Amino acid sequence: MTKRLASKYKINRRLGENLWGRAKSPVSKPRKGDQGARTYGPGQHGQRRKQKPTDFGVQLMAKQKLKGYYGNIGEKQFRKYYEEAVRRKGDTSENLIDLLERRLDTVVYRMKLAVTPFAARQFVNHGHLTVNGKRVNIPSYIVRDNDVIEVKEKSKQLTMVLDAAQEAGRDVPEYIEIDHRAMKGRFIRTPKFSDVPYPVQMEPNLVVEFYSR
């Protein structure tokens, strides 16, 4: 197992949830000899009995879960998203989700051009994409309404892209469109929180409460 995969699965175990709905997650799949899926945290102290979480603990868990889902975004950058969400008009939690869903690596993941947010980030970093005809290799690049995202011609037959496009159990949301034959898609509109196809329950309102303490 690569370090990146190990880190991804460690996030799942630490949070006790299968964040991306992947069948290979240790939270979903018991080890040989185990009675069930490993929902306890990683490390030698992972199986200690958990105490009832405080309000702060619940808010912190909601933040870690949302951060982890989007490829384990760094704290400094994640807080900037919150600050930008506060600055904008409207509901802060909805604004936060909108910003996260507009990240280029997130859009690539939603378009099923990569199997995980981690793979999507790597795909963008390696320069396999154009936005409105221009090469963009910044995963945090914010996509705007009607921006056209296309896989570069020489990258359209990459195995990782073809496998992701055929992945079952994950649908492309309504605020994005994609033609997998052309490997070209468009970001249509601002997503609402209720539009986003999270495999697990997310609580952005608790994230807002965490930062607004």
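Starting from 1, residues in each chain are numbered consecutively following that chain's sequence as written. Local features in this predicted model are restricted to residues whose pLDDT is 70 or higher, and side-chain atom pairs enter the listing and the counts only when it is 80 or higher, whereas totals over whole chains, interfaces and linings include all residues. Neither water nor hydrogens contribute to the side-chain values; these are computed over all heavy atoms in the structure.

Undergrad: Would you mind showing me how to read the pairing of strand β4 (residues 176-179) here?
TA: Remark: a regular strand shows side chains that alternate across the two faces of the sheet. The sheet contact formed by β4 and strand β5 (residues 184-187) spans four bridges and is antiparallel. Opposite I178, over in β5, you have G185 as the bridge partner. In this analysis, strands are considered paired if DSSP registers two or more bridges between them. Helix and strand labels come from DSSP, where a helix needs a run of H or I of at least four residues and a strand needs a run of E of at least two; each type is numbered from the N terminus. In sequence, β4 turns back onto β5 through a hairpin of four residues, with M183 there showing a positive phi of about 55°.

Undergrad: Could you clarify how one ought to interpret the environment of N137 in this entry?
TA: Turning to its location among the elements, N137 is positioned in the loop between β2 (134-135) and β3 (148-151). Sequence separation between N137 and V124 is 13 residues; the distance between their C-alpha atoms is 5.0 Å.

Undergrad: What is the right way to look at helix α8 (residues 204-211) in this model?
TA: Think of an α-helix as turning once every 3.6 residues; residues three or four places apart then point the same way. Here the term buried applies to any residue with accessible area under 20% of the maximum for its type, exposed to any over 50%, and partly exposed to those in between, with areas from a 1.4 Å probe on protein chains only. Among the eight residues in α8, six count as buried, and that is most of the element. Only heavy atoms enter the contact rule, under which two residues are in contact if any of them lie within 4.5 Å. Its buried side turned inward, α8 meets α2 (55-69), α3 (75-87) and α4 (92-101).

Undergrad: Would you take a moment to explain the nonpolar core for this structure?
TA: Within soluble globular proteins, side chains that are nonpolar tend to cluster in buried spots. Note on terminology: a nonpolar core comprises buried Ala, Val, Leu, Ile, Met, Phe, Trp, Tyr and Cys residues joined through side-chain atoms within 4.5 Å. Judged by nonpolar contacts, the single largest core of 46 residues is most densely connected at L66 and V108. Here the element with the most residues in this core is α8; it accounts for five residues. Residues contacting V108, with those up to four places away along its chain left out, are L113, A114, A120, F123, V124 and L129.

Undergrad: Whenever I open this one, the packing of aromatic side chains confuses me. Can you help?
TA: How two aromatic rings sit relative to each other is given by the distance of their centres and the angle of their planes. Here a Phe, Tyr or Trp ring, Trp counted by its six-membered ring, pairs with any other such ring whose centre lies within 6.5 Å, and the pair is stacked when the planes are under 30 degrees apart, edge-to-face when over 60, and tilted otherwise. Evaluation of the coordinates by the stated rule reveals nine aromatic pairs. The interplanar angle of 85° and the centroid separation of 5.0 Å between the aromatic rings of Y69 and Y70 together place this pair among those described as edge-to-face. For the pair Y69 and Y70, a shared accessibility class is recorded, and that class is buried. For the pair Y82 and Y211, a centre-to-centre distance of 4.9 Å together with 25° between the ring planes defines the contact as stacked. Placement of the pair is Y82 in helix α3 and Y211 in helix α8, with a sequence separation of 129 residues. Taken individually, Y82 and Y211 each receive the classification buried, so the pair is uniform in this respect. Linked through ring pairs, F56, F78, Y82, F210 and Y211 together constitute an aromatic cluster. A ring is scored as having a charge over it whenever the NZ atom of a lysine or the CZ atom of an arginine sits within 6 Å of its centre and within 35 degrees of its normal. Directly above the aromatic system of Y198 lies the positively charged group of R110, at a separation of 5.9 Å from the ring centroid. Over the ring of F210 we find R213; its NZ or CZ atom is 4.5 Å from the centre of that ring.

Undergrad: Could you clarify how one ought to interpret the packing of α2 against α8 in this entry?
TA: Two numbers describe a pair of packed helices, the interaxial angle and the distance between the axes. Comment: axis = line fitted to C-alpha atoms, over the contacting stretch for helices; angle = value between 0 and 180 degrees taken between N-to-C directions. One can describe the packing of α2 onto α8 by two numbers: an axis separation of 8 Å at closest approach and a directional angle of 115°. For the crossing formed where α2 meets α8, the hand is left-handed. The segment α2 lies against α8, with F56, V58, Q59, L60, A62, K63 and L66 engaging L206, V207, E209, F210 and Y211. A breakdown of the residues in the contact of α2 with α8 according to their chemical character gives nine nonpolar, one polar and two charged. A crossing counts as left-handed when the near helix is turned anticlockwise from the far one by less than a right angle, and as right-handed when that turn is clockwise. Each residue receives one of three labels: charged for Asp, Glu, Lys and Arg, nonpolar for Ala, Val, Leu, Ile, Met, Phe, Trp, Tyr, Cys and Pro, and polar for the others, Gly being one of them.

Undergrad: Quick question: what am I supposed to make of the pattern of salt bridges here?
TA: Opposite charge on two side chains allows them to pair when their charged atoms are near. The salt bridge criterion pairs a side-chain nitrogen of Lys or Arg with a carboxyl oxygen of Asp or Glu, the two atoms within 4 Å. Applying the stated criterion across every chain, the model contains 17 salt bridges. In this structure, E84 and R88 form a salt bridge, with 3.0 Å as the shortest nitrogen-oxygen distance. You can call E84 partly exposed: its relative accessible area is 22%. You can call R88 partly exposed: its relative accessible area is 31%. A salt bridge links R181 to D179, with the shortest nitrogen-to-oxygen separation between them at 3.8 Å. Taking relative accessible area as the criterion, R181 reaches 81% and is therefore assigned exposed. Take D179: its relative accessible area is 32%, and that puts it in the partly exposed class. One connected set of salt bridges, linked through shared partners, spans E84, R87, R88, D98, R102 and D145.

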